[in-house]
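So the chains spell out like this:
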Amino acid sequence: MSAGRILVAAQLSSLFSFSNAPSVVLQSSRQSLQTVSQPDTDVYPEHAISSSIYHTLHAGPILLRVIHGGLIVELISLTTPVLPIRFVFPASVVSTPAVCTWGEQELHLLAVTVTGSLYRLVLPTTNPTRLWHDEAARNWCREYILKNVSDLSGSIVHIQGPHGIAIGLGNGSLLRVEVERIGDTVSDDLWTETVSQPKSFLGTFTSYIPGFHSGTNAAPEFLCVAGLPEPTEFGYIWTLSRDRTLRLWSASRGCVASKSLSFQADAASGNKPVLLNGDAGNLLRVYSLSPNGEKPFAVAFTPTPDDPHCGGYFQIVDSSSDQLHELRTIGCSPTSVNCHLQDFILNNGVLYTLWERHGTSMVQSIKLDAGSLMAVNDAAWETSSYGEETDLTPAYLDEVLLAPGSLTEKFMEVILRPGIFSPLTIRTALEQYIDACLSLPGPPPPELMSSYTSVAENIVAVVGCTVTLVQDPHTGATQHDRYWSALKRDWEGFIARCREVERSARWPLVLSKGQYNDEVIVVERERVGVVAREDLPITIHRYLSDTLPVESHFSILDIAWSLCCKIGTEVLRNLESNIVDVLHQEIAFSIVDIMVDQVRRSDFREMLGESTQNWVVAKLQEVEDLERSIKIILDLAAGFDLEIKREEDEVELLLPPARSEWKAAIAASYISTSLNARYDICLALTILLFFMADDLGEWDPCLLEEVFAVFRGLSMLRYIARQPTVDQSHDRQSSQAASTDDVIARMGSMQVSGNQPNFAPTLSLVHRLISQSNEHVELPSSGHRFLDNTGLLQSTSPAHVTHYEASFCERLRDLGYYQVAREMLAWLPRTPGVTFVTARLFINLGRGDDAAYLLEKLAGSFGPDSGLSFEDAETLAVVLPRQALYDSEFNFYLEASSIFRENGLTQHEVGFLQLALSVAPPETNTPDLWYGLVRGHIDLGFWEEAYSAIIATPFDSVRRECISQLVYRMCEENAVEELISLNFGGFSSEVDDALAFKARNTDPRVRPFYSRILYTWYTRRGDHRSAARTMYMRAHKLQEISGSSAEISSLMDDQAESYLLAINSLSLLEEKKAWFVVQTFTNNVHELESRKRRKLIQNLPSSSAGGGSEIIDLHALRFDYTLLSAKKHLVHRDPTLLSAPEALLTPPLVIQRLGQANQFDFAMTTARALNLDMSELFVMLAVQCMRLSRNPDAIFQEDASDWLLTDNAASWPGSPADRGWRYLKMALERHDGPEMDYRYSKATLEAILAHDSSLSPPPWLVHLLEDYHHEYLVRTSLKFDALESALEHTLSLVRKADSKLSRSPAKTPGATWLPYTLIDQVLAASISQGDLSARGQVLRKELQMEVSNRVKRMQKASLFSK
């Protein structure tokens, strides 16, 4: 039994995000193009219709794919992390384009379209990490229009290299297109064309003779055109026609030789050769026995579709000396019957063939002698196919539904399982399903019209959306059975669509040599794979599946395999589920007891027939040593081949190559195949042990434990291999590469168009893990190295956990695969190491409480008295952050708190800090722990706990720093009531300083309002002076803020509130103590000038601002508040005043503004409170009264609501003028008097006389001044030239004096005094007045008479007094 080879492939859409690949639209110089034929309906647009691989020294293998029916040519680098690129041609390309290297700087892509255009695309390859994404040179796209032909439909194009192309035309002629000069950045290529005709026209026209061949549509004459591979010159060309004629063409002489390829069976039977199928593709290859191209020979394949023994035969034809001589004929294997040859190559003396077998790829190879080209020692064909793959048939889906879980969940698991369907397949099937649902009659379900963040979410929402739960029309019962049946059918229909698309995607196309001599690459429509060597488990599994005999030391495995086949699928799955359940539990009993219990519970032996039991027992008796045989099977399932390094690997160690996602995907696929084989082998062995459970009592229990340990490891690895992951790195690359500037920089003059919406590639988890290492060795070595590095197959008992298993679970958790890590941990016993990894996983999953519980229990595992075994201690040390055990619980608590802090779980961080402080050694320095404890309580909003920790901490530095943090955080969280309620005994000064600092340096409008909080803090503690100062400072900070009209109005309200609070606080103190000291505000000098400032000169420190200090008492506060209220009143009435702030700078200006606004009541009250002169106010009021006297309707034209339209004034009788004069009289009575020296009455009189001297002042005003300031009345009359009034008032003054003297004689000389000088001035003025009225003259005479009489009386009185 020898190891064979196996096909391993990777899906391209899982590796590359084609939606993000740039597409370059090419233009044609032709004036009119023919209509482009539609692509084949059997091939999906994104599936390749032809493909090829080209190897370059600096860029590695490059995959060329022709998609969308030939309109798009795509280039993919298989070994470098470079995005693919697509070129959109104006017409379909013929056959397969070619990629050729041109030095180490350029890559030339040559393609011929059906319209007769030859394109050469020059792509840069200077940077291997960017390749064609670098900026292209000028004239990078060059088109040459063929002259001899304009329609190449049905022609065959062979691109020999960058210098020559051969085209087999439909009429049997050969067109050679050779380059004379390759263009550059300014010039195009210079091509020459040569048409050659065959010598014998008989063979040319046989295909056109009616009845010569079957079918109504004549196929093209040429089927294949081939030449020697590079770097040979473009000399000879070989062609194969439908009539099986092989021709040799020379560059100068045309067709120089031809030979009809016929098989001996045809010649013996005398049958005419059957024409080859026109759809046949790669049937001809040309090679040479020497590197320089000498001794060429052609290998042609002739299919035999009607032969029941083989699928065809190969003929090797010598082509030297311009002759065609048949050398050998090699028949194909019987396995190739009913298969279709897709391609073949000759590599290192081995002939490899690629067959299409029932829609899948099959590679067969046979070794040939290099000299004779004969099969070596009658070597047989070796067949390589894919390993056992899961086919989602309805029967398999029914088997899947046997496991617990929802229908949708289980179907989604198998759909998204890596390797089952490619992302492109799923997307295509989903689009087909949605289109089918939309075509149904009626409104579409809303699920079809919604958008989704992922394809999985889209599938779950859409599939089954048309299935509804209905009720029975007769009974009204809900028909759940019908609903689930219909839902299952809908899912099966969607999976069937996926299977159909995937079948098309796996259609084989071509074979190619790999990077290494013995490597062969298989290219399919949507996959690229390799032919790899089987490892022993895969080989054994293949032999067992095909019922082939195995070697004698594997005989017990043959028995176990037969037993599994006999018990049936359902019983097998039930036993498998029981084994899994056992391994998910803690192993508390011996393995033998557990197995006996499980067999008894499942009635395993009773399910088997007696004959089957007897057969198994008889077979087991034939095995000499059962335990040794089981050890061999264990080595098979868990063992690995020794790795043999090649010279290329040693070079790669020195120069590591770029990470290849394709190679990683190939290795992941191989690992998955090997794991499936190993799992099936181990499962079969375990089932056999269940059958032998009653006889295992005397067996070595370690061997049985090792069997279950290996089964556990394989189950874990198989679960990992089935997990898909979304590649986010492609999204980041696409987002970076999608910017306009980047595309322009990369493509230069290329015309780049967008593609489909983003579709993130999906990779298996094994692929992710492999990609983290840059090791590249051939299979199966790379797969075995990965499995060995996981360490999951090195355990010897399911009751124990090795450090490999724990570290692997920790690695999964660290990489972010939380659900996978959780499933892995569920297989392992709860050892300390597993418990620690589980706790960290719970933290990542947001289960902090569970994680804290586990870590707290784990603390006993540290310290000298932990009692851990060596294995548990080693496992725990590996998964700890420091890779070493902690020497005490204290250090572990610190590490646990650090873990919680890194993940933002403050509550549990605080809990472990408290535990650490509780066990901290006496000599430990713990300020940082106390600080972290207080900070954690503050962050959690546990104010009382934080306060208690501050009080309890023995470090003053921590206390001082934490008090301010606690105060600020409580204020920010609006916990002011709790803050005020805390005592802070002995530390209140720190609270004062913290709040005062914020009150000084923060915006008083922004929450938290530290000024108000500080005011409340002072008030609750009875410090009313500090509270008043705080509000006073807040008011002045508000005054300094500028803003819009609405903002300033609000600021003034807040400022007034602050003044009121300050007044209230100072009012609670004794009058002598109702003051506080503040720094002088230099920007408020205008207001300070209006009130008396009390400066402090001694016993106070000088201010750093140089403004000095000032005592603020209740009077100052009330002054500021009253002035601010006046400003608010003005602004409320006229907001435009805010645009001219200088109008409100000083209190007099404010009073003036109030008067101008007719706000006399408010203005007088404010002026009196501010102790300001109101003369100007009374002048304004007198003017208003005089206006009302002249025009009573003026009251309706102006705002008089504050003085004349009040409820009190409106009730007065008389006209508006009468009410106005009455208001003026009452205002003078209220605000004027002897203490004011009747200042405002005088001002009123002067205002009246100044306005109109002819107008008589109100009698009450005159009488008032006559009573108290008679002399002023006379002087004022003279001042305003009112001589009659002056004479009248002077006469009244003299008579008043005489009357007083007559009632009481003068006792002193001063009692008879009169202002004679003033009287003389009045008389002199009246005499000098030429137009004095008659009344004035009478008054003058009376005054002269009264004065003369008084003089005489005084003289007489003076004589009597002597």
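Residues numbered from 1 in each chain as written. Predicted model: local features only at pLDDT ≥ 70, side-chain atom pairs only at ≥ 80, totals over all residues. Heavy atoms only, no water.

Asker: What exactly am I supposed to notice about the overall build of the chain here?
Answerer: Summing up its helical and strand segments, the chain has 51 helices and 35 strands in all. Expressed as a percentage of the 1362 residues in the chain, the buried residues total 51%. Excluding contacts between residues fewer than 6 apart, the proportion of contacts in the chain whose partners are at least 24 apart in sequence is 64%. Accessible surface, the chain: about 63800 Å² in total, of which carbon and sulfur atoms supply 50%. (Helix = DSSP H or I, 4+ residues; strand = E, 2+ residues; numbered from the N terminus. Buried < 20%, exposed > 50% of the residue type's maximum accessible area, 1.4 Å probe, protein only. Contact = heavy atoms within 4.5 Å. Areas by Shrake-Rupley, 256 points an atom, 1.4 Å probe, with all protein chains shown as cover.)

Asker: Where do I start with the pattern of salt bridges in this structure?
Answerer: If the charged atoms of two oppositely charged side chains come close together, the side chains can form a pair. Within this structure, the stated rule accounts for 44 salt bridges. Residue E576 pairs with R718 through a salt bridge whose shortest N-O separation is 3.5 Å. In this pair, E576 is assigned in helix 12 (residues 569-583) and R718 in helix 19 (residues 701-721), connecting sequence segments 142 residues apart. By relative accessible area, which is 18% here, R718 ends up buried. Beyond isolated ion pairs, a larger network of salt bridges with shared partners links R901, E909, R935, D939, R969 and E973. (Salt bridge = Lys/Arg side-chain N within 4 Å of Asp/Glu carboxyl O.)

Asker: Looking at this model, I keep getting lost on the sheet that holds strand 10 (residues 141-145). Mind explaining?
Answerer: Whenever strands of a sheet pair, they do so through backbone hydrogen bonds, lying parallel or antiparallel. Across the sheet, 4 strands lie side by side as 7-8-9-10; this open sheet has antiparallel pairing. Here the strands that pair on one side only, and so sit at the sheet edges, are strand 7 (98-102) and strand 10. Strand after strand, the sheet turns through a mean of 20° between neighbouring axes, direction not considered. In this structure, strand 7 lies alongside strand 8 (residues 106-112), joined through 5 bridges in antiparallel fashion. Residue pairing in the sheet places C100 in a bridge with H108 of strand 8. (Pairing = 2+ DSSP bridges. Axes fitted to C-alpha atoms, helices over the stretch in contact; angles between N-to-C directions.)

Asker: Explain the nonpolar core here, please?
Answerer: Across soluble globular proteins, nonpolar side chains have a tendency to be buried as a group. Grouped together as the largest cluster of nonpolar side chains are 202 residues, with contacts concentrated most on F604, I687 and L812. Of the residues forming this core, the biggest block, 21 residues, is contributed by helix 18 (residues 661-691). By size, the runner-up hydrophobic cluster in this structure holds 50 residues, among which are L7, V256, I345 and I366. (Core = buried A, V, L, I, M, F, W, Y, C linked by side-chain atoms within 4.5 Å.)

Asker: Looking at this structure, how should I read the side chain of Q479?
Answerer: Following the sequence through the fold, Q479 ends up in the loop between helix 8 (455-462) and helix 9 (480-505). Q479 sits in the buried class, given a relative accessible area of 14%. Those residues in contact with Q479 that lie beyond four places of it in its chain are L469, V470, Q471 and D472.

Asker: I tried to follow helix 45 (residues 1216-1231) on my own but got confused; where do I start?
Answerer: Given 3.6 residues to a turn, an α-helix orients residues that are three or four positions apart in the same direction. In a regular helix each residue adds 1.5 Å, so 16 residues correspond to 22 Å; helix 45 covers 22 Å between its end C-alpha atoms and thus fits that length. Inspection of helix 45 places P1216, A1217, R1219, G1220, W1221, Y1223, L1224, A1227, L1228 and H1231 among the buried residues, and these make up the whole buried set. (Expected span 1.5 Å × (residues − 1).)

Asker: What should I look at first to understand helix 25 (residues 818-826) in this one?
Answerer: Listing the buried residues of helix 25 in full gives V820, A821, M824 and L825. For helix 25, the buried positions fall inside an angular range of 135° around the axis, keeping them on one side. Elements in contact with the buried residues of helix 25: helix 19, helix 22 (765-771), helix 24 (803-815) and helix 26 (832-844). (Arc of directions from axis to C-beta.)

Asker: Would you explain the environment of L982 in this entry?
Answerer: Relative to the helices and strands, L982 resides in the loop between helix 34 (976-981) and helix 35 (988-1001). Owing to a relative accessible area of 10%, L982 belongs among the buried residues under this scheme. In sequence terms L982 and Y947 are 35 residues apart; their C-alpha atoms lie 8.0 Å from each other. With residues up to four places along the chain from it excluded, the contact list for L982 reads Y947, M970, W1017 and R1021.

Asker: Can you walk me through the pairing of strand 29 (residues 527-533) in this structure?
Answerer: Looking along a regular strand, one sees the side chains alternate between the two faces of the sheet. Of all 7 residues in strand 29, 6 are buried; the element is thus mostly enclosed. Direction of pairing for strand 1 (residues 5-11) relative to strand 29: antiparallel, over a ladder of 7 bridges. Across the sheet, A10 pairs through a bridge with V528, a residue of strand 29. Judged from the 3 bridges that link them, strand 28 (residues 520-524) and strand 29 form a sheet pairing that is antiparallel. Across the sheet, residue V522 finds its bridge partner in strand 29, namely G529.

Asker: Explain the packing of aromatic side chains to me, please; I cannot follow it from the model alone.
Answerer: Where two aromatic rings form a pair, the distance of their centres and the angle of their planes describe that pair. Applying the stated rule across the entire model yields 30 aromatic pairs. Where Y144 meets W191, the ring centres are 6.3 Å apart and the plane angle is 35°; that geometry is what we call tilted. Of this pair, Y144 sits in strand 10 while W191 sits in strand 14 (residues 190-196); the two residues are 47 residues apart in sequence, bridging distant segments of the chain. Judged by its relative accessible area of 7%, W191 is buried. On the basis of an interplanar angle of 35° and a centroid distance of 6.2 Å, the ring pair of Y287 and F297 is categorised as tilted. Here Y287 is found in strand 19 (residues 284-288), whereas its partner F297 is found in strand 20 (residues 296-303), with 10 residues between them in sequence. Each residue in the set F862, Y886, F892, Y893, F900 and F912 is aromatic and connected to the rest through ring pairs, giving one cluster. Residue placement shows R527 over the ring face of Y386; its charged tip is 4.5 Å from the ring centre. (Phe/Tyr/Trp six-rings, centres within 6.5 Å; stacked < 30°, edge-to-face > 60°. Lys NZ or Arg CZ within 6 Å of the ring centre and 35° of its normal.)

Asker: Sorry if this is basic, but what is going on with unusual backbone geometry here?
Answerer: Note on backbone geometry: most residues besides glycine have negative phi, and most peptide bonds are trans. Here R1007 and P1008 are connected by a cis peptide whose omega angle stands at -5°. Inspection of the secondary structure puts P1008 in the loop between helix 35 and helix 36 (1010-1020). At D322, a residue that is not glycine, the phi angle is positive and equals roughly 55°. Here D322 is to be found in the loop between strand 21 (312-318) and strand 22 (325-331). Note on D322: relative accessible area 16%, which makes it buried.

These figures come from the coordinates and say nothing about function on their own.
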